[in-house]
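Each chain is listed here by its residues.
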There are 2 protein chains.
Amino acid sequence: MNEEKKMVIVGNSKPLLNYVTACITMFNSGARCVVLRARGKAINAAVEVAQLLKKRFVSHLEISNITIDGENVTSRDGKQLNLSVIEIELSMPN
Amino acid sequence: MNEEKKMVIVGNSKPLLNYVTACITMFNSGARCVVLRARGKAINAAVEVAQLLKKRFVSHLEISNITIDGENVTSRDGKQLNLSVIEIELSMPN
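Below is a summary of the structure that appears in this document. All chains use their own residue numbering, which begins from 1 and follows the written sequence. All chains are assigned letters beginning with A, and all ligands numbers beginning with 1, in the order in which they are written. Selection of residues for local features in this predicted model requires a pLDDT of at least 70, selection of side-chain atom pairs for listing and counting requires 80 or more, and totals for whole chains, interfaces and linings are taken over all residues. Think of the side-chain values as coming from all heavy atoms in the structure, minus any hydrogens and water.

1. A look at the layout of surface pockets
For cavity detection a 1 Å grid was placed over the protein atoms alone, and a set of points counts as a cavity when a 1.4 Å probe fits there but cannot get out; an open set counts as a pocket when protein lies on both sides within 12 Å along at least five of seven lines, with lining residues being those that have an atom within 4 Å of a point. Grid points are joined across faces, edges and corners, and a volume is the space filled by probe spheres set on the points. Size it by volume and the largest pocket reaches roughly 320 Å³. Along the wall of the largest pocket there are 14 residues; nearest its centre are A:Leu16, A:Glu48, B:Asn82, B:Leu83 and B:Ser84. For the lining of the largest pocket, the element with the most residues is helix α2 (residues 43-57) of chain A, which contributes six residues. Secondary structure elements are taken from DSSP: a helix is a run of H or I of four residues or more, a strand is a run of E of two residues or more, and numbering for both begins at the N terminus.

Structure, rendered in structure tokens:
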């Protein structure tokens, strides 16, 4: 069951390691599955966070699913933007 | 069979539409499957190209697989870099 699915929203403003530690904290507190979600220019940060986690911290972590999608967002000045979204599902094997 | 798998390398230097038309040309010339590949900061461009193709040009296109990986690259000044890589597999249903 994936009742313990948690989400980490990855942005561009903070250092990547913040998101890495957020994920590790969630796994340590019992989550089996953490989803990294990012939009627009933060997409490559999300991919890097997943890679960092897998290569440096939790080598048995599995990237169980990746989806991409688009999202319509209205910016502050009223423009319609079409942003890409990525969701990377990380799961901890039993 | 995926013998007709073609690859489009997405970078940051050209307009997104160039990659979109490259994919469309490949599908029109008979490819069943095109892989978009990008590294580092171009990753979000690859995701945008996939979204553009699906939303604006070929609505029945399927995003059949997405993988992320890391790659070690030696830069011009001799430094070792660890770049993230994404591969987005697009396929045209029969």
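There is more to say after this.
2. Topic: the environment of A:Ser91
All names here are of chain A. Looking at the secondary structure, you find Ser91 in strand β4 (residues 80-91). Separated by 11 residues in the primary sequence, Ser91 and Gln80 have C-alpha atoms spaced 35 Å apart. Whether two residues touch is decided by their heavy atoms; if any such pair falls within 4.5 Å, the residues are in contact. In this structure Ser91 touches Arg32, Cys33, Leu61, Glu62 and Ser64, once residues within four positions along its chain are discounted.

3. Structural notes on the interface of chain A and chain B
Listed as interface residues are 18 residues of chain A and, on the opposing side, 18 residues of chain B. Note on definitions: buried area is the accessible-area loss of two parts on being combined, 1.4 Å probe, summed for both. For the chain A and chain B pair, buried surface summed over both sides reaches about 1500 Å², with 64% attributable to carbon and sulfur atoms. Contact with chain B buries surface across chain A, with A:Asn44, A:Ile66 and A:Ile68 losing the most and accounting together for 36% of the total. For the salt bridge of B:Lys55 with A:Asp69, the shortest nitrogen-to-oxygen distance reads 3.9 Å. Contacts described as polar in this section are N or O atom pairs within 3.5 Å, which, within protein, must combine one atom able to donate a hydrogen with one able to accept it, while residues neighboring in sequence count only if both atoms come from side chains. Between chain A and chain B we count two residue pairs in polar contact (both at pLDDT 80 or more) in total. Salt bridges are defined by distance alone: a side-chain nitrogen of Lys or Arg within 4 Å of a carboxyl oxygen of Asp or Glu.

4. Examining the nonpolar core
Core analysis: the biggest nonpolar cluster contains 56 residues, and A:Leu36, A:Ile86, A:Ile88, B:Leu36, B:Ile86 and B:Ile88 have the highest contact counts within it. Residue contacts for B:Ile88: discarding those within four places in its chain leaves A:Ile68, B:Val34, B:Val35, B:Leu36, B:Ala46, B:Val47, B:Ala50, B:Ile63, B:Asn65 and B:Ile66. The term nonpolar core refers to a set of buried residues drawn from Ala, Val, Leu, Ile, Met, Phe, Trp, Tyr and Cys, joined through side-chain atoms within 4.5 Å. Relative accessible area decides the class of each residue, using a 1.4 Å probe on protein chains only: under 20% of the type maximum gives buried, over 50% gives exposed, and in between gives partly exposed.

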